[in-house]
Amino acid sequence: MAVNKFFDIYTQLKEEVREGIYNDTMLLPTELELVGRFKTSRNTIRRAIAQLNAEGLVYSVKGRGVVILETSKVDKVFFKTGNFHGLKELSNYNEISTSSKLIDFKELTVSEELAKVISFHEGERIYKISRLRVINGASMMYDTSYFKKSILGPIDEKIAAGSIYEYIDQKLEFKIVASKSIMKVVSAKAADFENLDLGENNCVGEIENIAYTDNGRLFEHTFIRYIPNEYVMVSFAQR
């Protein structure tokens, strides 16, 4: 599917930037060269370059091309709040290992109390999926996601333990195209100390993420809890 094509090209180009393949020119190949190399459309290439730009790895200069930015000390691990590709969105210029552990998977009906917390209506059928994210051997974050069953359809524990977004891209007809995120720091709860390697931290970062399908329907409501001093936000602005 086109989504996978775009992501594969973006991943390949990012790896080549990391390895310094283009350090002699500090420029990516032209759009036409990339179209020929990957045998895809200009639009797909532009989406891949736009993703590199959003991560602060490159920027476009009219009349010159796509310039590669030198590596800096702030090129650290970061996790995009939109979370469209889960741990695949982690970016790091050193070796990094990631894994996920399924903590909870169930189908349930939204109760009156739960409807006050998430964006689904009372009485709707949803899936609740909780997963622990281990990065370089440390339990860094865990997330609890609620997915609307009427959109996702039937899934089993194997699908829940993997990437929901990969499953959607490969098996289903709709797309996830937009999300809203709220970030804050909150006091750690008992479950945070149990699930995360918090050390001396007495608080956690929390990302509340809401995702929408390509026809505007609300599909997912996720809460991500993470170790605050192990997560960085990277903002890139182009003048």
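Structure: see above.
From a predicted model like this one, the values you see are computed outputs, not experimental measurements.

Focus: the environment of Phe 147
Assignment of secondary structure puts Phe 147 in strand β5 (residues 138-148). You can call Phe 147 buried: its relative accessible area is 1%. Separated by 17 residues in the primary sequence, Phe 147 and Ile 164 place their C-alpha atoms 9.6 Å from one another. Once residues lying within four places of it in the same chain are set aside, the contact partners of Phe 147 are Phe 120, Arg 125, Ile 126, Tyr 127, Ile 129, Leu 152, Ile 164, Phe 219 and Glu 220.

Description of the pairing of strand β1 (residues 58-61)
Each regular strand displays side chains that alternate between the two surfaces of the sheet. Two elements, β1 and strand β2 (residues 65-68), share 4 bridges in a ladder whose sense is antiparallel. If you follow Val 61 over to β2, its bridge partner there is Gly 65.

Description of helix α3 (residues 42-54)
The first and last C-alpha atoms of α3 sit 18 Å apart over 13 residues, in line with the 18 Å expected at 1.5 Å per residue. Taken together, the buried positions of α3 are occupied by Thr 44, Ile 45, Ala 48, Ile 49, Gln 51 and Leu 52. For α3, the buried positions fall inside an angular range of 155° around the axis, keeping them on one side. Among the residues trailing α3, Gly 56 stands out with phi positive, at a value near 75°.

Observations concerning the packing of aromatic side chains
Applying the stated criterion across every chain, the model contains 5 aromatic pairs. Pairing Phe 6 with Tyr 10 gives two aromatic rings, centres 6.4 Å apart and planes at 20°, and the pair type is stacked. Taken together, the positions of Phe 6 and Tyr 10, both in helix α1 (residues 2-18) and 4 residues apart, correspond to about one turn of that helix. Considered together, Phe 6 and Tyr 10 belong to a single accessibility category, that of buried residues. Grouped by ring-pair contacts, the aromatic residues Phe 6, Phe 7 and Tyr 10 constitute a single cluster.

Quick word on the sheet that holds strand β8 (residues 218-226)
The sheet built from 6 strands is open, its strands ordered β3-β4-β5-β8-β7-β6 with antiparallel pairing. Edge positions in the open sheet fall to β3 (98-109) and β6 (176-187), since each of these has one partner strand only. Across the sheet, the axes of successive neighbouring strands diverge by a mean angle of 15°, strand direction being ignored.

Let's talk about the side chain of Thr 222
Relative to the helices and strands, Thr 222 resides in strand β8. With relative accessibility at 1%, the residue Thr 222 sits in the buried group. A polar atom in the side chain of Thr 222 sits 2.7 Å from the side chain of Ser 145. At 2.4 Å, the side chain of Thr 222 and the side chain of Glu 220 are in polar contact. Those residues in contact with Thr 222 that lie beyond four places of it in its chain are Asp 143, Thr 144, Ser 145, Ile 207, Glu 208 and Asn 209.

Digging into the packing of helix α2 (residues 31-38) against α3
Closest axis-to-axis distance for the α2/α3 pair is 9 Å, and the angle between their directions is 110°. With respect to α3, the element α2 is oriented roughly perpendicular. Contact residues: α2 offers Glu 31, Leu 32, Leu 34, Val 35 and Phe 38, while α3 offers Arg 42, Ile 45, Arg 46 and Ile 49. For the contact of α2 with α3, the per-class residue count stands at 6 nonpolar, no polar and 3 charged.

Some words on the nonpolar core
Leu 13, Leu 28, Ile 45, Leu 52 and Val 58 are the most contacted members of the largest nonpolar core, which totals 19 residues. Secondary-structure elements contributing two or more residues to this core are α1, α2, α3 and β2. In terms of residue count, α1 provides more of this core than any other element does, 6 residues in total. One finds Ile 155, Ile 168, Phe 174 and Ala 211 within the second-largest nonpolar core, a separate group that totals 17 residues.

A short note on the environment of Ala 138
Its place among the elements puts Ala 138 in strand β5. For Ala 138, a relative accessible area of 22% corresponds to the partly exposed category. The residues contacting Ala 138, other than those within four sequence positions of it, are Arg 133 and Asp 197.

So, how was this worked out
Residues numbered from 1 in each chain as written. Predicted model: local features only at pLDDT ≥ 70, side-chain atom pairs only at ≥ 80, totals over all residues. Heavy atoms only, no water. Helix = DSSP H or I, 4+ residues; strand = E, 2+ residues; numbered from the N terminus. Buried < 20%, exposed > 50% of the residue type's maximum accessible area, 1.4 Å probe, protein only. Contact = heavy atoms within 4.5 Å. Pairing = 2+ DSSP bridges. Expected span 1.5 Å × (residues − 1). Arc of directions from axis to C-beta. Phe/Tyr/Trp six-rings, centres within 6.5 Å; stacked < 30°, edge-to-face > 60°. Axes fitted to C-alpha atoms, helices over the stretch in contact; angles between N-to-C directions. Polar contact = N/O pair within 3.5 Å; in protein donor to acceptor, adjacent residues only side chain to side chain. Parallel < 35°, antiparallel > 145°, perpendicular 65-115°, else oblique. Nonpolar A, V, L, I, M, F, W, Y, C, P; charged D, E, K, R; others polar. Core = buried A, V, L, I, M, F, W, Y, C linked by side-chain atoms within 4.5 Å.

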